[in-house]
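Each chain, letter by letter, is given below.
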Amino acid sequence: MMWSYHFKILTLNDGDGPRGTPNGTRDQMEPFFAESGSLTPEIYNPADHYLAAVSNEYIMHEKNSYPDAGDFLKGKEAQGSKNLEDGKGEQDLNSQDSSPRDEIDTPDIATSRGGSFFTFVELTRRYFKNLFYNPGIFGVRLAMHIMLGLVIAEIFWDLSSLTTATSIQSRIALLFYCVAFFVFMSVAVLPFTVIERAIVEKEVRNGYYHPALYVASQAIASLPGTGLLAFVTTVIICYSTGLREPYWYFLNMFLALNCAEALAQLFSHMVPHFIIAMALIAAIYGLFMLLQGFMLVPSEFPNWLSWSHYVAFHTYSWRTFMYKEFSGQSYPDATSVGYGTGELILEQFEIEEVVPWKDMVILMIYAAVIHTLSFIIVHVKWLNSRDGRGM
């Protein structure tokens, strides 16, 4: 039954077997082997027969490693007797090596590879097709963002209407949580990127496309997903808690999630198993939470570690959230604790001179640098595979 589902057939051998191995449609196979003296026996799997005919390791080529050699030979003899009775002539089973197979000129099937743009479009289309047929890949992440957003909405409902010191502290903690945890949830994409990697590496080794096209397609294809996640969290959180500047919140969250997606894709190319990648990224995000300036202001970092504050992309996202929330605001109920104005709050965290649009540009560059590192890794693996060292 399975044989009937095949349309085009390509047979190969190790180079020591008979030359002229055929390739073509399924209907062309039997006439070819019949003409070359290897008619398929009755009640015999055509695929097994054709493999035996072209392989140097089976009974038809003098090596008796075929497990059903006796039955196969009996089938051939029975088929020859039937041909004699039907007047079709006798087939010499012992003359396989001298058959006219070498003299048959089988036509080559023309193949082609799409251009870079076509390949890029096709890889991007396949990514969205996988999401369509496997909705859990993205659906689980979307559901988690929605549920956590609703929990935040319930806990911090109408937070902006309060001007007390505790409400300000709650607002600062909320902004930290939004950056830290929503970004952290991007590790959920790792199992699917690592699983797809085996398919991509096989296609790259077969010369279908350069791995850089796959990196580019993944970078572009992830944008709608991160955009939807950022939009959902913006709508739920900003309009329930009253956080200021929802448009800036969306842009900020969108770019931060893109950095997280890029980092997940980078580690999917570096490690053999997604569990290792998840552990490494979790450790990195834990470090970035410490370095972003919420738990410890930059001036209190150890001198030898002061530069690390600028390594975490969480830094640029969180301080822009803070600046857009508190800049130009006044809180008369919190004057006694030094929170009378938004500028005083920003000064306490040493972010009063932040320029939001510059931080957004930094986040875009940050994601681009990570994607560039992914390209370098897959390119080196591709060069190694061409040298026979594997990807």
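The structure we're discussing is the one just above.
First, a word on what this report is: a plain description of the structure on this page. (Residues numbered from 1 in each chain as written. Predicted model: local features only at pLDDT ≥ 70, side-chain atom pairs only at ≥ 80, totals over all residues. Heavy atoms only, no water.)

When helices and strands are tallied, the chain shows 13 helices and 2 strands. When each of the 391 residues of the chain is scored for burial, the buried share is 43%. Counting contacts in the chain only where the partners sit at least 6 residues apart, residues at least 24 apart contribute 68% of the total. Element-wise, carbon and sulfur atoms account for 62% of the exposed surface of the chain, whose accessible area totals about 20800 Å². (Helix = DSSP H or I, 4+ residues; strand = E, 2+ residues; numbered from the N terminus. Buried < 20%, exposed > 50% of the residue type's maximum accessible area, 1.4 Å probe, protein only. Contact = heavy atoms within 4.5 Å. Areas by Shrake-Rupley, 256 points an atom, 1.4 Å probe, with all protein chains shown as cover.)

Time to look at the nonpolar core. Judged by nonpolar contacts, the single largest core of 69 residues is most densely connected at Y285, F313, W318, M322, F326 and I345. When contributions to this core are tallied by element, the ones reaching two or more residues are α5 (136–155), α6 (165–184), α8 (211–241), α9 (246–270), α10 (274–291), α11 (313–326), α12 (342–348) and α13 (356–386). The element contributing the most residues to this core is α9, with 13 residues. If near-sequence neighbours (up to four positions away) are discounted, I345 is found in contact with I168, I172, M322, F326, Y331 and Y339. (Core = buried A, V, L, I, M, F, W, Y, C linked by side-chain atoms within 4.5 Å.)

To continue, consider the packing of aromatic side chains. Enumeration according to the criterion identifies 15 aromatic pairs in this entry. Ring centres 5.2 Å apart and planes at 80° place the aromatic pair F132 and Y133 in the edge-to-face group. Seen from their ring centres, F326 and Y331 are 6.1 Å apart, and the 65° between their planes marks the pair as edge-to-face. You can call F326 buried: its relative accessible area is 0%. Pairwise contacts between aromatic rings join Y177, F181, F182, F184, Y285, F288, F313 and Y366 into one cluster. (Phe/Tyr/Trp six-rings, centres within 6.5 Å; stacked < 30°, edge-to-face > 60°.)

We now examine the side chain of K324. With respect to the helices, strands and loops of the structure, K324 is situated in helix α11. There is no salt bridge for the buried K324, and the closest opposite charge comes from E245, which lies 4.8 Å off by N-O distance. Apart from residues lying up to four places away in sequence, K324 is in contact with R244, E245, W248 and P356. (Lys, Arg positive; Asp, Glu negative; His and termini not counted. Salt bridge = Lys/Arg side-chain N within 4 Å of Asp/Glu carboxyl O.)

In this section: the environment of E154. Secondary-structure assignment places E154 in helix α5. For the pair E154 and S240, spaced 86 residues apart in sequence, the C-alpha to C-alpha distance is 8.0 Å.

Take the state of the cysteines next. By definition, a disulfide links the sulfur atoms of two cysteines through a covalent bond. Summed over all chains, the structure comprises 0 disulfides. No disulfide involves C238; its sulfur sits 8.0 Å from that of C178, the nearest cysteine. Take C238: its relative accessible area is 3%, and that puts it in the buried class. (Disulfide = S-S within 2.5 Å.)

Glancing now at a negative patch on the surface. Negative charge collects at one region of the surface, where E300, E343, E347, E350, E352 and E353 lie side by side. If you trace the backbone, E353 turns up in the loop between α12 and α13. E353 sits in the exposed class, given a relative accessible area of 71%. (Patch = residues over 30% accessible without salt bridge, like charges linked within 9 Å, V, L, I, M, F, W, Y side chains within 5 Å. Charge placed at Lys NZ, Arg CZ, Asp CG, Glu CD.)

On to a nonpolar patch on the surface. On the surface, W357, V361, M364, I365, V369, L373, F375, I376 and V380 cluster together into a nonpolar patch covering about 790 Å² of accessible area. With respect to the helices and strands, V380 occurs in helix α13. When its relative accessible area of 41% is taken as the criterion, V380 is described as partly exposed.

Note on helix geometry: an α-helix contains 3.6 residues per turn, so any two residues three or four positions apart are oriented the same way. Look at α8: 44 Å from first C-alpha to last across 31 residues, which is about the 45 Å you get at 1.5 Å a residue. A bend of about 30° at L223 is the largest found in α8, and the proline P224 appears one to four places after it. Along α8, 22 of the 31 residues are buried, which leaves the element largely enclosed by surrounding structure. Phi turns positive one or two residues past the end of α8, at G242, with a value near 85°. (Expected span 1.5 Å × (residues − 1). Bend = angle between axes of the 7 residues up to and from the residue.)

In this section: the pattern of salt bridges. When the charged atoms of two side chains with opposite charge come close together, those side chains can pair. Enumeration over the complete set of coordinates arrives at 5 salt bridges. Between R125 and E122 there is a salt bridge, and its shortest N-O distance comes to 2.4 Å. With R125 and E122 both in helix α4 (residues 116–133), this residue pair falls 3 residues apart, about one helical turn. Residue R125 is classed as partly exposed on the basis of its relative accessible area, which comes to 42%.

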